[in-house]
Amino acid sequence: MSVQGHTERGDVASPSDSKRVTVVGAGVIGLTTAVELARDGHDVTVVADVDTMQTVSSVSAALWFPYRAERSPVVRDLLRTSFERFAALSEVADSGVEMRAGTVVERSAAPDRSWTEFVPSAAEADPFLLPAGATSGIRATLPFIVIPAYLPWLRAQASVLGVAFEHRTVQHLGELAGHADAAVIAAGIRGGELLGGDADVVPVRGQVVRVANPGLTDWITDTDDPERVTYVFPRRDDVVVGGTSIDGSWDLEVDVDTERAILERAAALVPAIAGSPVVGRAVGLRPARPSIRLEPVAGRELPVIAAYGHGGAGVTLSWGTAERVRAMLRNDGR
Ligand SMILES: Cc1cc2nc3c(=O)[nH]c(=O)nc-3n(C[C@H](O)[C@H](O)[C@H](O)COP(=O)(O)OP(=O)(O)OC[C@H]3O[C@@H](n4cnc5c(N)ncnc54)[C@H](O)[C@@H]3O)c2cc1C
């Protein structure tokens with residue numbers, strides 16, 4: 001069996017190293033980790049009570065960009081790994097991953113440009129093409145992940161590798177002991193609750209509206225001001241237009257006034273989308289945490305690895321996260 005778009009690195013786990021692993025979560029973190037572990041020779045089951053296309057991950061826009069992710073050496077490593085893996089996947093037909101040009105608008109005197117170290121194409125944007133109030137900008141070609149194509153593709157890859165799927169809620173970790181040699185908690189915003197003792201995960205509400213694509217290809221993101229988060233991400237048939245970034249809000253209802261304001265800001269940024277018919281709308285709660293929790297958790301009924309709290313960059317950091325979980329598992333969850 002082969003999984004497309006994965007560069008070979010290291011040997012597949014020998015049968016004696018192979019473990020029964022339960023991954024809790026079928027969002028982008030759980031699925032990516034399941035594929036990575038199955039490819040490493042483990043016997044993987046994904047347990048989730050929300051199907052992939054109903055998760056927060058399905059709402060994601062989704063551009064490779066470290067939005068609402070902490071700047072740390074670990075995240076830097078996850079960014080680099082994921083950039084490389086997505087760049088490789090952009091060569092794979094039907095993966096839903098493309099390398100796409102666009103603009104990051106900057107609105108501060110000293111913008112954080114650390115992410116550009118992995119992006120060979122990154123260059124200063126022409127100031128005449130930037131919106132009013134922008135201090136500067138970057139033009140770059142970045143991985144652009146068309147979620148309605150990518151998540152089903154990823155799930156199909158998992159199935160090809162023999163990953164089993166169970167639809168149920170895990171109430172407590174003890175119920176996994178005896179059925180698995182290790183568990184990975186990729187439960188997004190509910191990761192802290194499942195592990196207990198971690199109240200640091202908070203929702204950051206994101207609302208998006210999808211409009212018909214009038215023929216756009218380039219993306220643009222203008223997110224430095226949390227009160228006026230705006231992005232326009234053209235996919236094949238539609239354009240994902242955002243957004244909001246509201247800390248601590250659990251509200252999953254689409255707000256019509258918010259949608260109107262999003263469309264007005266977006267039309268000011270990209271006049272071509274003014275009046276494009278609305279074809280869909282969604283709200284998702286980004287699983288934000290002061291720092292991503294990506295570590296073994298001691299003292300449980302079975303070895304546990306936590307992998308949650310990716311904020312606004314779960315897709316962006318997914319392959320790096322999966323690689324780290326694979327390495328931790330090879331080290332017996334240490
Ligand atoms: C509007 C918006 C735009 C975004 N844009 C981007 C972007 O451009 N780029 C980017 O990188 N990121 C983006 N994000 C962020 C990204 O969507 C998230 O970081 C990511 O989806 C988190 O994935 P996850 O797998 O951790 O969680 P989720 O997708 O929420 O999945 C959690 C899974 O855990 C399961 N689960 C939880 N608890 C239990 C339990 N007890 N028992 C069984 N199952 C359980 C659920 O059923 C679900 O399957 C965006 C988010 C939003 C809302």
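Given the structure is predicted, the values throughout are model-derived calculations rather than measurements.

Peer 1: Can you explain the packing of aromatic side chains? Please cite residues and give values.
Peer 2: Applying the stated criterion to the full structure yields six aromatic pairs. Ring centres of Tyr-150 and Trp-153 lie 6.0 Å apart, and the angle between their planes is 25°; this geometry places the pair in the stacked category. Note that Tyr-150 and Trp-153 are positioned in helix H4 (residues 147-160) at a spacing of three residues, about one turn of the helix. Like Tyr-150, the residue Trp-153 is buried in the burial classification. Among the aromatic residues, ring-to-ring pairing joins Phe-86, Tyr-150 and Trp-153 into one connected group. The ring of Phe-144 has Arg-100 lying over it, and the distance from NZ or CZ to the ring centre is 4.4 Å. The positively charged end of Arg-155 is found above the aromatic ring belonging to Phe-165, 3.8 Å away from the centroid.

Peer 1: Explain the UniProt feature "binding site: FAD" (unreviewed entry) in the protein chain residue by residue, including any values.
Peer 2: The positions that UniProt labels "binding site: FAD" (unreviewed entry) are, in the present scheme, Ala-61, Ala-62, Leu-63, Val-170, Gly-311, Gly-312, Ala-313, Gly-314, Val-315 and Thr-316. Taking the farthest pair of C-alpha atoms as the criterion, the annotated set spanning 256 residues is dispersed, since that pair is 30.6 Å apart. Structurally, Val-170 is set in the loop between strand S6 (164-167) and strand S7 (182-185). Among all residues touching Val-170, those that are not within four sequence positions of it are Val-24, Val-47, Glu-175, Leu-176 and Leu-194.

Peer 1: Give a detailed account of H4, specifying residues and quantitative values.
Peer 2: The α-helix winds at 3.6 residues per turn, so residues separated by three or four positions along the chain end up facing the same way. The end-to-end C-alpha distance of H4, which contains 14 residues, comes to 20 Å, matching closely the 20 Å that a straight helix rising 1.5 Å per residue would cover. Regarding H4, the residues found buried are Ile-147, Tyr-150, Leu-151, Trp-153, Leu-154, Gln-157 and Ala-158. The buried side chains of H4 occupy one side of the element, clustering within an arc of 160° when seen end-on. Gly-162, located one to two residues past H4, shows a positive phi value of around 90°.

Peer 1: Residue-level account of the site of the ligand, with values.
Peer 2: The environment of the ligand is made up of 38 residues, and the closest members are Asp-49, Val-50, Ser-57, Gly-311 and Thr-316. The contact in question runs from an oxygen atom of the ligand to an N or O atom on the backbone of Val-28, over 3.3 Å. Within the complex, the protein chains bury 96% of what would otherwise be the 1,000 Å² of accessible surface of the ligand. Residue assignment for the shell around the ligand shows that the elements contributing at least two residues are helix H1 (28-39), strand S2 (43-48), helix H2 (56-59), strand S8 (202-212) and strand S13 (278-288). The residue inventory of the shell around the ligand, partitioned by class, reads 21 nonpolar, 13 polar and four charged.

Scoring rules and cut-offs
Residues numbered from 1 in each chain as written. Predicted model: local features only at pLDDT ≥ 70, side-chain atom pairs only at ≥ 80, totals over all residues. Heavy atoms only, no water. Phe/Tyr/Trp six-rings, centres within 6.5 Å; stacked < 30°, edge-to-face > 60°. Helix = DSSP H or I, 4+ residues; strand = E, 2+ residues; numbered from the N terminus. Buried < 20%, exposed > 50% of the residue type's maximum accessible area, 1.4 Å probe, protein only. Lys NZ or Arg CZ within 6 Å of the ring centre and 35° of its normal. UniProt positions renumbered as here; feature names shortened; annotations may be inferred. Contact = heavy atoms within 4.5 Å. Expected span 1.5 Å × (residues − 1). Arc of directions from axis to C-beta. Near = heavy atom within 4 Å. Polar contact = N/O pair within 3.5 Å; in protein donor to acceptor, adjacent residues only side chain to side chain. Areas by Shrake-Rupley, 256 points an atom, 1.4 Å probe, with all protein chains shown as cover. Nonpolar A, V, L, I, M, F, W, Y, C, P; charged D, E, K, R; others polar.

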